[in-house]
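Each chain, written out:
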Amino acid sequence: MPRPQILRKRADFLRAARAGRAHTDAFTLQARQRNDDSAAGLVRVGYTCSKKVGNAVARNRAKRRLRAVAAEVLPRLGRPGWDYVLIGRPGATAVHPYEAMLRDLARALEKVHRPREQKR
RNA sequence: GCGGAUGGCUGGAUGACCGCGGGCUCCGCAAGGGGCGCGAGGAAAGUCCGGACUCCACGAAGCAACGGUGCCGGGUAACGCCCGGCGGGGGUAACCCUAGGGAAAGCGCCACAGAAAACAGACCGCCGCGGUCCGCCGCGGCAAGGGUGAAACGGUGGGGCAAGAGCCCACCGCGGGACUGGCAACAGGACCGGCACGGCAAGCCCCACCGGGAGCAAUGCCUAAUAGGGGAUCCGCAUGGGCUGCUUCGGCCUCGAGAUCCCGGGUUGGCAGCUUGAGCCUGUCGGUAACGGCAGGCCUAGAGGAAUGGUCAUCCAGGGGGGCAACCCCCGGACAGAAUCCGGCUUACAGGCCAUCCGCGCAA
RNA sequence: GCGGGUAUGGUGAAAUGGUAUCACACGAGCCUUCCAAGCUCUUGGUGUCGGUUCGAUUCCGACUACCCGCU
């Protein structure tokens, strides 16, 4: 599988937020299946850490950890044609155990994938 | 050994695996892939100062306004920074702090208390003379004593006097000051004066010196489609009006319907600016030092919503528990992350290391 | 990246360098059969650390927090 593309456009984030989401202790996952087929076979992922997370150091640290988690999990469990958005949470994202975050992401992906498949 | 002062350094180490951003190189038409090497700080922070760089403005001189700096000498590209010295204050000491020019240029303020708060004067008083209803009153002299206050027109002692007073004398203080030392700030000070000249300028102010504005999202360039804006010259109109802090001389702008020539606005973008620089290291020389000269060597992040991350193992500090001990178990790594680049200041910071010095105690 | 402002009781606001004031709120009392209103009294404060001054909310510096512009 090719490397996931990084989401940058505000519109993509907004569309993902309107679709499914799942909360865990250390982050929130939002995801949607794209309808336009511009980049059909790709997994795309974005990261959000607002100023609520802390100063620039804390925000970057949170983003780096989210990237690390996503890079380990998404190639196995992510689905082509989907956009994922990981949102950092104050306090938790920077200190939560790494193992637990891996498990949480896997579980959150399951939960987010399920209702879509029931519809189809 | 205990306590303290100052200056400086450091602020996890090694390895493995999976990743990220640039660079060089190889393969490939391309997409992409392989290899090698590099990749946060002493504060990258606050934005409090000073510059480099770029664009804009700008004619010169004087004046005025506004802001800043403020002992002296040196360092520096420059500074409100640094070094050395001086004066003042604190500490037994090492040492530390210090916005520290001018109060006889002028204005202003000094609450409460106190008789009196800045220029002299007199509330309680002291002394003399006169009067007296013996309570005191009037006239004159005096400023030592009292109490207030942050601050009271010199302090102590003696002489002197009706009582007193720099009225006189000695010492100290104060003012001036030849001269001496020092580049200077300043220090010492023969001698003279005879007490006059309170404090506040981080109150207005005076003096000296410095200062154009904006900021790399500056600024320059490239491509495409398209809308029709502007400039120069000539001609016409006008010889006025306006702007430039003020003045003098000067400069600039302002109108059209025409002709010719030329340029080209905005917007997701891309490239440059962008890291070779008041650079770093070593040695040597000058200097008390800050720092500078010379020689040799080195290239050390460069992104563009933004990389430097994750996991594991061993070790090194640190904390807790068990054990006589060897040792074992658990926890666990300060402040914080480049964004045009430098020089400072300030603020944050677990701990560790080094050097010099001071006081006390003990021993010799 | 560049610049400006504010901070005073629980809240909102005043204060020429000289005892920090006012309104509402809170608490207590009076009044009322009770509540509200009204009246009286009380508690509580200059963001932090330094400096200048005899004396600082005020003047100066550094820091902290919040707010607002420009690009």
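Structure shown above.
Residues numbered from 1 in each chain as written. Chains lettered and ligands numbered in written order. Predicted model: local features only at pLDDT ≥ 70, side-chain atom pairs only at ≥ 80, totals over all residues. Heavy atoms only, no water.

Undergrad: Help me out: how do you make sense of the nonpolar core in this one?
TA: Counting 25 residues, the largest nonpolar core has F27, L29, Y84, L86 and L105 as its most contacted members. Aside from chain neighbours lying at most four places away, what touches L29 is G20, R21, A22, Y84, V85, L86, L105, A108, L109 and V112. (Core = buried A, V, L, I, M, F, W, Y, C linked by side-chain atoms within 4.5 Å. Buried < 20%, exposed > 50% of the residue type's maximum accessible area, 1.4 Å probe, protein only. Contact = heavy atoms within 4.5 Å.)

Undergrad: I would appreciate a short explanation of the packing of aromatic side chains in the present structure.
TA: Tallied over the entire structure, the rule returns one aromatic pair. Judged by centre distance (6.2 Å) and plane angle (15°), the ring pair of W82 and Y84 falls under stacked. Take W82 and Y84: they sit in the same class, and that class is buried. One Lys or Arg, R67, reaches over the ring of Y47 and ends 5.6 Å from the middle of that ring. (Phe/Tyr/Trp six-rings, centres within 6.5 Å; stacked < 30°, edge-to-face > 60°. Lys NZ or Arg CZ within 6 Å of the ring centre and 35° of its normal.)

Undergrad: What exactly am I supposed to notice about the environment of V95 here?
TA: Tracing the chain through its elements places V95 in helix 3 (residues 92–95). Taking the C-alpha atoms as reference points, V95 and A26, 69 residues apart in sequence, are found 8.4 Å from one another. (Helix = DSSP H or I, 4+ residues; strand = E, 2+ residues; numbered from the N terminus.)

Undergrad: Mind showing me how you'd approach the sheet that holds strand 2 (residues 20–23) here?
TA: Backbone-to-backbone hydrogen bonds pair the strands of a sheet. The strands run either parallel or antiparallel. With mixed pairing, the five strands of this open sheet are ordered in space as 1-4-5-3-2. Here the strands that pair on one side only, and so sit at the sheet edges, are strand 1 (5–6) and strand 2. Relative to strand 3 (residues 27–33), strand 2 runs antiparallel, the two sharing four bridges. Note that in strand 3 the partner of H23 across the bridge is T28. Together, strand 2, strand 3, strand 4 (44–48) and strand 5 (82–88) form the strand contacts of helix 1 (residues 10–18), whose direction differs from that of strand 3 by roughly 95°. (Pairing = 2+ DSSP bridges. Axes fitted to C-alpha atoms, helices over the stretch in contact; angles between N-to-C directions.)

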